[in-house]
Amino acid sequence: MSKTLGIGILGCGNISAAYMRLSPLFRGIEVRACADINEAAAKARAEEFGLRAETVDGLLAASDIDIIVNLTVPAVHYEVSRRVLEAGKHVYSEKPFVLSLEEGEALAAIAKEKGLRVGSAPDTFLGGAHQLVRHLIDSDAIGKVTSGTCFVQSPGMEMWHPNPDFFFQPGGGPILDLGPYYVSNLVQLLGPVKRVCAMSSSGSEYRTITSQPRYGDKIKVETPTTIHAVMQFQSGAQITYCASWDVWQHGHSNMELYGREGTLHVPDPNFFGGEVRMTDKGSFVTLSEAWQHPFSKANDRGHANYRTAGLADMALGILENRPHRCSLEFALHVVDVMTSILASGESGTFIDIKTTCERPEALDPQAAKALLV
Ligand SMILES: NC(=O)c1ccc[n+]([C@@H]2O[C@H](COP(=O)([O-])OP(=O)(O)OC[C@H]3O[C@@H](n4cnc5c(N)ncnc54)[C@H](O)[C@@H]3O)[C@@H](O)[C@H]2O)c1
């Protein structure tokens, strides 16, 4: 088998540029073609990055494409990924890769029958900062983690994204849109979740777009925009998780984990890098600089940005016949947790999580280096 798999990008919107810009950093993948239902968008990205523009059907049939990266909007992720698998290609989807357990199980069944892989973003938990936290937890630096907090709160998305409607429709909202970063990182650090409870609300019935080109347009809010949840992990840890797009400012840190012997401050799981701070029973020390992890280095506009690491790990997993870290089983557990939080917010009851998963294998500095060209 060739040492490189051909990649096709399906969905040429905002985030596609990051995949096209960053994929050349990695072994095992070569982005060759792109497509979009908006053919002008595909042509524009193809021209910008020297790719071949295809129609959607053309991309699904292309003989030089092994993996299709699904960068469409969440409402159609399942349908698009299903078509990719049925076309006989592996699929790697942006998050959330499905909107329900049933959709994830249906994709798993097709993938199993056809011997194909399904992978899903986010891959930021593979970042240097989060892998340092993983290393500290696994080496018992703060003892058993008993509790923690996560805060992801902002005024919203309608002030920066050119087409922000999907954020306020079912499939969007701060849990399904940003939750994948937070919940995935917690599951890779602490293992699977056992049960959840939550309260939810929406700060406004309509949002007004202040980005261009649709300045002034109104969006009806059809999913909760403020959710306060508590997650109980199988390990016994309990984590408070507040996600909101109704908050102008706050003073909470992104993620704090409390262990029997100390505390860890974890940087924003939406990014690969950032400052990790730890204390035992004394004062905080910053540890990030001592950890020489390739995915901590600023490489993209002043930030550590290694998006597509999860895709490359899946391609190399196929080529090397080993599991990939951003797996269907892991992503489906995260979807189960997030949809259960939303269901608990509606019903006011505790919800037991139906799925479980193994923690993805840690990506130490050497393993990360092996993903790079
Ligand atoms: N924008 C970001 O910064 C960002 C960051 C991380 C993850 N994501 C995720 O990436 C995904 C895409 O986000 P985006 O911001 O690029 O959205 P976007 O709206 O800018 O782009 C989506 C593209 O998909 C195309 N599309 C829609 N339905 C399609 C279909 N059935 N077949 C083919 N193409 C179709 C649209 O024409 C559009 O060009 C979302 O799941 C989002 O959560 C976005």
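This structure is a prediction, so every number in the text was calculated from the model and none was measured.

Conventions we followed
Residues numbered from 1 in each chain as written. Predicted model: local features only at pLDDT ≥ 70, side-chain atom pairs only at ≥ 80, totals over all residues. Heavy atoms only, no water. Helix = DSSP H or I, 4+ residues; strand = E, 2+ residues; numbered from the N terminus. Buried < 20%, exposed > 50% of the residue type's maximum accessible area, 1.4 Å probe, protein only. Contact = heavy atoms within 4.5 Å. Lys, Arg positive; Asp, Glu negative; His and termini not counted. Charge placed at Lys NZ, Arg CZ, Asp CG, Glu CD. Domains from an automatic or database assignment. Buried area = accessible area lost by both parts, 1.4 Å probe. Salt bridge = Lys/Arg side-chain N within 4 Å of Asp/Glu carboxyl O. Polar contact = N/O pair within 3.5 Å; in protein donor to acceptor, adjacent residues only side chain to side chain. Pairing = 2+ DSSP bridges. Axes fitted to C-alpha atoms, helices over the stretch in contact; angles between N-to-C directions. Parallel < 35°, antiparallel > 145°, perpendicular 65-115°, else oblique. Nonpolar A, V, L, I, M, F, W, Y, C, P; charged D, E, K, R; others polar. Phe/Tyr/Trp six-rings, centres within 6.5 Å; stacked < 30°, edge-to-face > 60°. Lys NZ or Arg CZ within 6 Å of the ring centre and 35° of its normal.

When its secondary structure is counted, the protein shows 10 helices and 17 strands. Projected onto its principal axes, the C-alpha coordinates of the protein cover approximately 60 × 50 × 40 Å. Taken over 373 residues, the protein has a buried fraction of 56%. Of the contacts formed within the protein by residues at least 6 apart in sequence, a portion of 73% connects residues at least 24 apart. In the protein, the 33 positive side-chain charges and the 42 negative ones have mean positions that sit 3 Å from each other.

Let us now look at the domain arrangement of the protein. What the domain assignment reports for the protein is domain 1 (5-123) and domain 2 (125-306 + 324-366). Here domain 1 and domain 2 have C-alpha centroids that lie 24 Å from each other. At the interface, 25 residues of domain 1 touch 33 residues of domain 2. Contact between domain 1 and domain 2 buries roughly 2300 Å² in total, counting both sides, with carbon and sulfur atoms accounting for 68%. The largest share of the area that domain 1 buries against domain 2 comes from Leu 101, Pro 122 and Asp 123, three residues that together contribute 26% of it. At the surface where domain 1 touches domain 2, the tally comes to two salt bridges. With a shortest N-O distance of 2.9 Å, Lys 95 and Asp 177 are connected by a salt bridge. The tally of links between domain 1 and domain 2 comes to eight residue pairs in polar contact (both at pLDDT 80 or more).

The subject of this paragraph is the sheet that holds strand S1 (residues 5-10). Taken in spatial order, the six strands line up as S3-S2-S1-S4-S5-S6 in an open sheet, and their pairing is parallel. Lying at the two open borders of the sheet, with one neighbouring strand each, are strand S3 (52-53) and strand S6 (118-120). Relative to strand S4 (residues 67-70), S1 is paired through four bridges, and the arrangement is parallel. From the neighbouring strand, Ile 7 faces S4, where its bridge partner is Ile 67. Along the sheet, helix H4 (residues 74-86) contacts S1, S4, strand S5 (90-93) and S6; its crossing angle with S5, the most-contacted strand, is approximately 160°.

With that settled, the discussion passes to the side chain of Ser 120. Structurally, Ser 120 is set in strand S6. The exposure class of Ser 120 is buried, given its relative accessible area of 5%. Not counting the four nearest positions on each side in its chain, Ser 120 is found in contact with Tyr 92, Ser 93, Glu 94, Lys 95, Phe 97, Cys 326 and Ala 331.

With that settled, the discussion passes to the pattern of salt bridges. Enumeration over the complete set of coordinates arrives at 22 salt bridges. Arg 52 is the partner of Asp 64 in a salt bridge, and the nearest nitrogen-oxygen pair spans 2.8 Å. You can see Asp 64 sitting in the loop between helix H3 (56-61) and S4 and its partner Arg 52 sitting in strand S3, a full 12 residues away along the chain. Accessibility expressed as a relative area gives 24% for Asp 64, which makes it partly exposed. Exposure remark for Arg 52: the relative accessible area of 31% places this residue in the partly exposed category. A salt bridge links Glu 94 to Arg 307; the shortest N-O distance between them is 3.3 Å. Taken as a pair, Glu 94 in the loop between S5 and helix H5 (101-114) and Arg 307 in the loop between strand S16 (285-286) and helix H8 (309-319) lie far apart in primary sequence, 213 residues in all. No difference in accessibility class separates Glu 94 from Arg 307, as the two residues are buried.

The subject of this paragraph is the packing of H5 against helix H9 (residues 328-347). At a minimum axis distance of 9 Å, the contact between H5 and H9 shows a crossing angle of 170°. With respect to H9, the element H5 is oriented roughly antiparallel. In contact with Leu 101, Gly 104, Glu 105, Leu 107 and Ala 108 of H5, H9 contributes Leu 328, Leu 332 and Asp 336. Split into classes, the residues belonging to the contact of H5 with H9 amount to five nonpolar, one polar and two charged.

Tallying each qualifying case throughout the model produces nine aromatic pairs. Seen from their ring centres, Phe 168 and Trp 245 are 5.6 Å apart, and the 65° between their planes marks the pair as edge-to-face. Taken as a pair, Phe 168 in the loop between strand S7 (145-153) and helix H7 (173-190) and Trp 245 in the loop between strand S12 (238-244) and strand S13 (255-259) lie far apart in primary sequence, 77 residues in all. Side by side, Phe 168 and Trp 245 carry an identical accessibility label, which is buried. Here Phe 295 and Tyr 306 contribute two aromatic rings whose centre-to-centre distance is 4.8 Å and whose plane-to-plane angle is 20°, an arrangement assigned as stacked. One end of the pair, Phe 295, is in the loop between S16 and H8; the other, Tyr 306, is in the loop between S16 and H8, with 11 residues separating them in the sequence. Here Tyr 306 falls in the buried class, since its relative accessible area comes to 5%. Taken together, the ring pairs connect Trp 160, Phe 166, Phe 167, Phe 168 and Trp 245 into an aromatic cluster. Above the ring of Phe 284, the side-chain terminus of Arg 277 is found at 4.5 Å from the ring centroid.

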